[in-house]
Amino acid sequence: MNKPFAAIFAALGFAAAIAAAAPTPSFPTPDWRATVRELAASHFKNPAWGYSHCQRDYALARELAAADHVTLDDDVLFAASYLHDMAAFAPWEDVKTDHSDVGARVVDTVLKGTGFPMEKIDAVRSAIRTHMYYRDPVAAEALYLHDADALDWLGAIGVARIMALVDPHGGSPDAPKAVAMLMDNLNKVPARVLSPAGRARVPERKAELEKFLADLKRETDDLHTL
């Protein structure tokens, strides 16, 4: 080999050695939680089941599990808590199907590419599918999301959520219909809180809702002037 080419190959070899020794550049892992949180905050605009409801469900589910000394997969709980009502909003809404089932079916479409560990997607689907009080959760994450969501229909927050839905222009729901919704929650939800820690929260929240309804009836001629 002539000397000029030998020098070139030697230089290339030296450069390759330097490249091999150099550290591989690292790129930050996408913060999927921030992505999910931003999606919820941007799209879930509803006073009863919007972004603030997602925040409460996540926090309360963690509190209940901790009180029961149960360890949860926080990735699953976070994703399910913030996305469980996604099918109540466009573009995911399907009015012909229960929003729990629709959300469970399409949740992967918003988690793919965010950095969420997709091997956990089936657990997220299960938690979303059974989050309503009339469903039967199985895994721990599903159970505590289910109970947190149920408790959020009771107490002062339950009143605030439902009354915030009243149409000020006389559409549906009007105030009497909202009160009927509160009564329905009072009758159906408490028995469907399943975890020990969740059941321990029921009496206080049930009493708050009962007191509100009793006071409201007294102050509106048994709802006739509501």
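Here we summarise the structure given alongside this text. (Residues numbered from 1 in each chain as written. Predicted model: local features only at pLDDT ≥ 70, side-chain atom pairs only at ≥ 80, totals over all residues. Heavy atoms only, no water.)

Let's shift gears to the overall build of the protein. The number of helices and strands found in the protein is 11 helices and 0 strands. Ordered by position from N to C terminus, the α and β elements of the protein give α-α-α-α-α-α-α-α-α-α-α. By the burial criterion, 42% of the 226 residues in the protein qualify as buried. In the protein, once contacts between residues fewer than 6 apart in sequence are set aside, the share between residues at least 24 apart is 66%. Split by element, the accessible area of the protein, about 12000 Å² in all, is 59% carbon and sulfur. (Helix = DSSP H or I, 4+ residues; strand = E, 2+ residues; numbered from the N terminus. Buried < 20%, exposed > 50% of the residue type's maximum accessible area, 1.4 Å probe, protein only. Contact = heavy atoms within 4.5 Å. Areas by Shrake-Rupley, 256 points an atom, 1.4 Å probe, with all protein chains shown as cover.)

Turning our attention to the environment of Asp-149. Note that Asp-149 resides in helix α8 (residues 140-151). Between the C-alpha atoms of Asp-149 and Tyr-133, which are 16 residues apart in sequence, the distance is 7.4 Å. In contact with Asp-149, not counting residues within four places along its chain, are His-53, Asp-57, His-84, His-131, Met-132 and Arg-161.

The next point concerns the packing of helix α2 (residues 32-43) against helix α4 (residues 74-83). In the contact formed by α2 and α4, the axes pass within 9 Å of each other and the chain directions differ by 15°. If you check the angle between α2 and α4, you find them roughly parallel. Here α2 and α4 pass one another in a crossing that is left-handed. Mapping the contact onto sequence places Trp-32, Arg-33, Val-36, Arg-37, Leu-39 and Ala-40 in α2 and Asp-74, Asp-75, Phe-78, Ala-79, Tyr-82 and Leu-83 in α4. Class assignment for the residues of the contact of α2 with α4 results in 8 nonpolar, no polar and 4 charged. (Axes fitted to C-alpha atoms, helices over the stretch in contact; angles between N-to-C directions. Parallel < 35°, antiparallel > 145°, perpendicular 65-115°, else oblique. Left-handed = near helix turned anticlockwise from the far one by under 90°. Nonpolar A, V, L, I, M, F, W, Y, C, P; charged D, E, K, R; others polar.)

What follows concerns unusual backbone geometry. A cis geometry characterises the amide bond from Ala-90 onward to Pro-91, with omega recorded as 5°. Along the chain, the position of Pro-91 falls in the loop between α4 and α5 (99-106). With an omega of 0°, the peptide bond between Ser-172 and Pro-173 qualifies as cis. Locating Pro-173 in the fold gives a position in the loop between α9 (155-163) and α10 (175-188). One non-glycine residue with positive phi stands out, namely His-69, at about 60°. Tracing the backbone through its elements, the reader meets His-69 in the loop between α3 (51-67) and α4. Non-glycine residue Leu-223 carries a positive phi angle of around 75°. Inspection of the secondary structure assignment puts Leu-223 in the segment after α11 (196-219). Its relative accessible area of 23% is what places Leu-223 among the partly exposed residues.

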